[in-house]
Protein chains: 2
Amino acid sequence: MKKFSPAITALMDALRVLPGVGQKTAQRMAFQLLDRQRDGAQRLGEALQNALAVVGRCERCRTLSEHPICYICADSERAQEQSLCIVESPSDVLAVEQTGQFQGQYFVLMGRLSPLDGIGPADIGLDVLEARFREGSIQEVILATNPTLEGDTTAHFIADLAKRYGIRASRIAHGVPVGGELEYVDHTTLGHAFSGRKNVF
Amino acid sequence: MKKFSPAITALMDALRVLPGVGQKTAQRMAFQLLDRQRDGAQRLGEALQNALAVVGRCERCRTLSEHPICYICADSERAQEQSLCIVESPSDVLAVEQTGQFQGQYFVLMGRLSPLDGIGPADIGLDVLEARFREGSIQEVILATNPTLEGDTTAHFIADLAKRYGIRASRIAHGVPVGGELEYVDHTTLGHAFSGRKNVF
């Protein structure tokens with residue numbers, strides 16, 4: 001059955017590249033864009049083309065940036081902190097920044113070690129990271145990869161690497177989320193919360 | 001706090017034009033497009049620009065189409081059916097087409113009457129529809145607007161209009177969905193199912 005004009009069908013297919021967008025959602029999005037949101041659609045098209053043209057990776061920390069060196073890496077005050085926070089993605093940088101607890105610089109893996117998917121150390125920029133360790137200005141790496149199997153493996157791998165350069169490595173704490181209730185926390189997390197307990201006095 | 005480069009921020013803002021996409025989702029989409037899906041992002045940008053350039057409205061039925069007359073209105077066999085199905089959106093056309101029960105033509109309102117939002121008869125093309133009634137070739141209008149307050153009002157309004165031209169108007173049946181269970185059906189629907197009951201023998 002012939003459904004829609006080729007241009008509409010092409011737009012629907014293209015929208016499915018977005019995470020979490022299936023056929024029905026793509027259809028709804030396409031109609032909304034072409035019917036009621038033509039200005040917004042125009043802006044979206046331009047923003048996409050522009051971002052694709054100008055956004056690349058920061059040469060120092062690998063995050064998405066439209067300058068060769070991102071604004072955090074370019075900040076000389078932050079460089080003096082001599083601590084490096086390792087995260088998996090640019091959104092994680094934002095999440096850590098929002099805590100206001102960390103003043104140092106970041107290194108963004110843009111992924112995690114996953115041998116089954118063929119993602120090895122070079123794919124997540126560990127060669128770049130090692131070059132950074134070799135520079136000698138870093139005193140501590142804070143491993144803030146996700147607490148998943150692959151995130152943990154990646155953290156271990158980087159901790160080993162740091163050790164070879166005499167750099168202290170720490171892992172962010174895992175436990176019961178603030179405001180969470182014990183009975184709703186999974187047992188692995190609760191196990192982490194017990195093994196990572198701290199003295200109160 | 002400075003978050004991301006202006007091009008990434010602009011893309012995130014632009015993505016929020018999509019239905020159901022909030023700030024977090026827009027962020028995730030932007031990173032995925034710029035990091036792992038650059039080809040898909042390129043295709044999406046081009047598909048958007050192309051669709052915006054070529055897709056307009058069918059002059060006869062108002063649906064989205066890249067030709068002045070859409071492929072259903074251009075089909076002379078369907079024109080001979082002399083029945084016109086009135087729906088709210090192009091997705092509804094697709095839904096009715098998938099039943100395989102209707103061989104006539106469509107008229108797509110691209111909305112519904114909603115005085116509170118300032119949407120009157122001319123905004124949903126009822127002037128175009130009246131011109132179509134005046135042509136004299138239509139014998140029946142099937143009112144397939146959504147069974148909402150506004151959809152019902154719109155259906156009534158069009159039925160009155162059809163009456164003035166001596167055209168038979170019918171409304172699609174509302175009742176318990178096939179495969180649905182009575183206890184999970186809301187009482188308005190169940191009420192419709194009772195008042196619309198049919199003799200078995």
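Being a predicted model, the structure only gives us computed values, none of them experimental. (Residues numbered from 1 in each chain as written. Chains lettered and ligands numbered in written order. Predicted model: local features only at pLDDT ≥ 70, side-chain atom pairs only at ≥ 80, totals over all residues. Heavy atoms only, no water.)

## Examining the pattern of salt bridges
Stage number 1. This structure, assessed with the given rule, holds 16 salt bridges over all chains.
Stage number 2. Salt-bridge contacts for R112 of chain B lead to E88 of chain B; the nearest nitrogen and oxygen are separated by 3.2 Å. Here E88 of chain B lies in the loop between β3 (83-87) and α5 (90-99) and R112 of chain B lies in the loop between β4 (105-108) and α6 (126-135), a separation of 24 residues in the sequence.
Stage number 3. Since its relative accessible area comes to 4%, E88 of chain B is described here as buried.
Stage number 4. In this structure, a network of salt bridges that share partners links the residues D35 and R36 of chain A together with R57 of chain B. (Salt bridge = Lys/Arg side-chain N within 4 Å of Asp/Glu carboxyl O. Helix = DSSP H or I, 4+ residues; strand = E, 2+ residues; numbered from the N terminus. Buried < 20%, exposed > 50% of the residue type's maximum accessible area, 1.4 Å probe, protein only.)

## So, the relation of the copies chain B and chain A
Stage number 1. Note on the copies: chain B fits chain A at an RMSD of 0.0 Å, the axial shift is 0.0 Å, and the rotation between them is 180°. Both copies are brought into coincidence by an operation consistent with a two-fold rotation axis. Identified as the residue of chain B closest to the rotation axis by C-alpha distance is G45 of chain B, at 2.4 Å.
Stage number 2. An overlap of 98% is found between the interface residues of chain B and their copies at the interface of chain A, pointing to a shared contact surface. (Least-squares fit on C-alpha atoms with pLDDT ≥ 70 in both. Contact = heavy atoms within 4.5 Å.)

## A look at the UniProt feature "zinc finger region: C4-type" (unreviewed entry) in chain A
Stage number 1. Here the UniProt feature "zinc finger region: C4-type" (unreviewed entry) sits at residues 58-73 of chain A.
Stage number 2. A distance of 8 Å separates the end C-alpha atoms of residues 58-73 of chain A, which is 0% helix and 12% strand. (UniProt positions renumbered as here; feature names shortened; annotations may be inferred.)

## Overview of the side chain of Q32 of chain A
Stage number 1. Tracing the sequence through the fold places Q32 of chain A in helix α2 (residues 23-35).
Stage number 2. A relative accessible area of 16% means that Q32 of chain A is categorised as buried.

## Digging into α6 of chain B
All names here are of chain B.
Stage number 1. Those residues of α6 not exposed but buried are L126, L129, E130, R132 and F133. Seen from one end, α6 has its buried residues packed into an arc of 155°, which puts them on one side.
Stage number 2. Considering only its buried residues, α6 is in contact with β3, β4, β5 (140-143) and α7 (149-164).
Stage number 3. Positive phi shows up at G136, right after α6, with a value of about 90°. (Arc of directions from axis to C-beta.)

## Brief notes about the nonpolar core
Taken as a class, soluble globular proteins show a tendency for nonpolar side chains to be buried jointly.
Stage number 1. Ranked by internal contacts, the top residues of the largest apolar core, which has 80 residues, are L11, L15 and L18 of chain A together with L11, L15 and L18 of chain B.
Stage number 2. Residues contacting L11 of chain A, with those up to four places away along its chain left out, are A30 and L34 of chain A together with L44, A47, L48 and A51 of chain B. (Core = buried A, V, L, I, M, F, W, Y, C linked by side-chain atoms within 4.5 Å.)

## Here we look at the side chain of T145 of chain A
Stage number 1. Among the secondary structure elements, T145 of chain A is positioned in the loop between β5 (140-143) and α7 (149-164).
Stage number 2. Take T145 of chain A: its relative accessible area is 0%, and that puts it in the buried class.

## As for the state of the cysteines
Residue and element names in this part refer to chain A.
Stage number 1. The final tally for this structure, using the stated rule, is zero disulfides over all chains.
Stage number 2. Looking at the unpaired C58, the closest cysteine sulfur is the one in C61, lying at 3.7 Å.
Stage number 3. Looking at the unpaired C73, the closest cysteine sulfur is the one in C61, lying at 3.7 Å. (Disulfide = S-S within 2.5 Å.)

## A closer look at unusual backbone geometry
Stage number 1. Positive phi is not limited to glycine here, since Q82 of chain A has a value of about 60°.
Stage number 2. As for its placement among the helices and strands, Q82 of chain A is situated in the loop between α4 (76-79) and β3 (83-87).

## Points about the packing of α6 of chain B against α7 of chain B
Describing two packed helices takes the angle between their axes plus the distance from one axis to the other.
All names here are of chain B.
Stage number 1. Axis separation between α6 and α7 bottoms out at 10 Å; the angle between their running directions is 30°. Classed by the angle they form, the pair α6 and α7 counts as roughly parallel. Here the hand of the crossing between α6 and α7 comes out right-handed. Taking contact as the criterion, the partners of L126, L129, E130 and F133 in α6 are, on α7, F157, I158, L161, A162 and R164. (Axes fitted to C-alpha atoms, helices over the stretch in contact; angles between N-to-C directions. Parallel < 35°, antiparallel > 145°, perpendicular 65-115°, else oblique. Left-handed = near helix turned anticlockwise from the far one by under 90°.)

## A look at the packing of helix α1 (residues 6-15) of chain A against helix α3 (residues 38-54) of chain B
Stage number 1. Where α1 of chain A contacts α3 of chain B, the axes come no closer than 9 Å and their chain directions differ by 155°. Overall, the two elements α1 of chain A and α3 of chain B adopt an arrangement that is roughly antiparallel. Like other packed secondary-structure pairs, α1 of chain A and α3 of chain B cross with a definite hand, here left-handed. Contact residues: A7, A10, L11, A14 and L15 of chain A in α1 of chain A; R43, L44, A47, L48, N50, A51 and V54 of chain B in α3 of chain B.

## Examining the pairing of β4 of chain B
Residues and elements named next belong to chain B.
Stage number 1. Of the two faces of β4, the one carrying Q105 and F107 and the one carrying Y106 and V108 are both buried.
Stage number 2. One ladder, built from four bridges, connects β3 with β4; its direction is parallel. Following the sheet pairing, L84 is matched in β4 by Q105.
Stage number 3. Note on the crossover from β3 through α5 to β4: the handedness is right-handed. (Pairing = 2+ DSSP bridges. Right-handed = clockwise from strand over helix to strand, strands pointing away.)

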